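# Coordinate analysis (summary)
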Amino acid sequence: MSGKRRALGQHFLRDTGVARAIVDLVAPTTSDLVVEIGPGEGALTAELARRAGRVIALEVDRALVAGLALRFPGVEVLEADARAWDYRALAAPAGGRVLVVGNLPYSVGKPILAALIRARTAIHEMALMLQREVAERVAAPPGGKTYGSLSILTQLYCDARVASRVPPGAFRPPPQVESAVLHLRVLAAPRVPLVDERRFHSIVRAAFGQRRKTLANALAAGLGIPPRSAREAADAAGIDAGRRAETLTIPEFAALAARLS
Ligand code: SAM
């Protein structure tokens, strides 16, 4: 595998059953607009072009863009970096949805996911293949080691579940890690009302900054406030300040944020 292919995470799906199953999660119809991220050699594009009303495919590798445009004349193939593309400008077709589908390049899976979450109000549903470990962190419930800021900051805006796991043998060349397909449905409004979303994000990041510390000590260290203030805020929110961040639900983080704002 060449250096360029490795850097761009070019592991192409060779299992058409897996491609179909990914697209089935969001079940595009002729009313829908689909944005495909990283079409590569077109394993998912073929399925999307057959089913969706309009397909925009974002591919960073110029060498692949030309081939895709020839093979799929109905698809708008754009040479673009999916981390920086303006998803917010997307408008849903009349009576249709905006869907995002992709077998993401794993080295930049998290920044692409972050860009999609920032643009969530323009998107209805997503089916994204990611490194299994990342997909599981995104969809994790409270209480375990995989639950953290990635889970909370995604689940604040989306219902998230791991729909399936995909073994390395489904790709050419096979990656060194396992993969999983994440199904995200964007909520009409954040899961809990928040006065200050930025403050909520910084509190979540601070709480998980030092996972082994108690909530009060992690917040104090991460936010630069006295531990007593962190304990008082937790008490006022009805949360035991001796708990670990990984046990708090999203509504509990929201209650805490309200007291720390
Ligand atoms: N969808 C294809 C498939 O399933 O066979 C290819 C998936 S491959 C894992 C990831 C694709 O994303 C590659 O084609 C790669 O060139 C492209 N890519 C890598 N970085 C990208 C970026 N920042 N923006 C858009 N595409 C990117």
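Residue positions are given per chain, counted from 1 along the sequence in the order it is written. Owing to the predicted nature of the model, reporting of local features is limited to residues with pLDDT of at least 70; listing and counting of side-chain atom pairs is limited to 80 or more, with chain, interface and lining totals taken over all residues. Remark: hydrogens and water are excluded; side-chain values derive from all non-hydrogen atoms of the structure.

### Observations concerning the overall build of the protein
- Going along the chain from the N terminus, every DSSP run of H or I of four or more residues is numbered as a helix, and every run of E of two or more is numbered as a strand. In terms of helices and strands, the protein carries eleven helices and nine strands.
- In this treatment the radius of gyration is a C-alpha quantity, and the globule benchmark scales as 2.2 Å times the residue count to the 0.38 power. Computed over C-alpha atoms, the radius of gyration of the protein comes to 20 Å, within 12% of the 18 Å expected from 2.2 N^0.38 for 261 residues, which places it in the range of a compact globule.
- Overall, the protein is about 65 × 45 × 25 Å in size when its C-alpha atoms are taken along their principal axes.
- Relative accessibility decides the category of a residue: with a 1.4 Å probe and only protein chains considered, values under 20% of the type maximum give buried, values over 50% give exposed, and everything between is partly exposed. Residues counted as buried form 48% of the 261 residues belonging to the protein.
- Residue pairs in contact within the protein that sit at least 24 positions apart in sequence constitute 66% of those at least 6 positions apart. Contacts are assigned to residue pairs that have any heavy atoms within 4.5 Å of one another.

### Quick notes on the packing of helix α9 (residues 215-223) against helix α10 (residues 227-236)
- Think of each axis as a best-fit line through the C-alpha atoms, taken over the contacting stretch in the case of a helix, with angles from 0 to 180 degrees between the N-to-C directions. Packing of α9 against α10 leaves a shortest axis separation of 8 Å and a crossing angle of 125°. Here α9 lies oblique to α10, going by the angle between them. In the packing of α9 onto α10, the handedness of the crossing is right-handed. Contact residues: Ala216, Asn217, Leu219 and Ala220 in α9; Pro227, Ala230 and Arg231 in α10.
- Partitioned by chemical class, the residues of the contact of α9 with α10 number five nonpolar, one polar and one charged. For classification purposes, an angle smaller than 35 degrees is called roughly parallel, one larger than 145 roughly antiparallel, one from 65 to 115 roughly perpendicular, and anything else oblique. Two helices cross in a left-handed way if the nearer one is turned anticlockwise from the farther one by less than a right angle. They cross in a right-handed way if the turn is clockwise. Think of it as three bins: nonpolar holds Ala, Val, Leu, Ile, Met, Phe, Trp, Tyr, Cys and Pro, charged holds Asp, Glu, Lys and Arg, and polar takes everything else, Gly as well.

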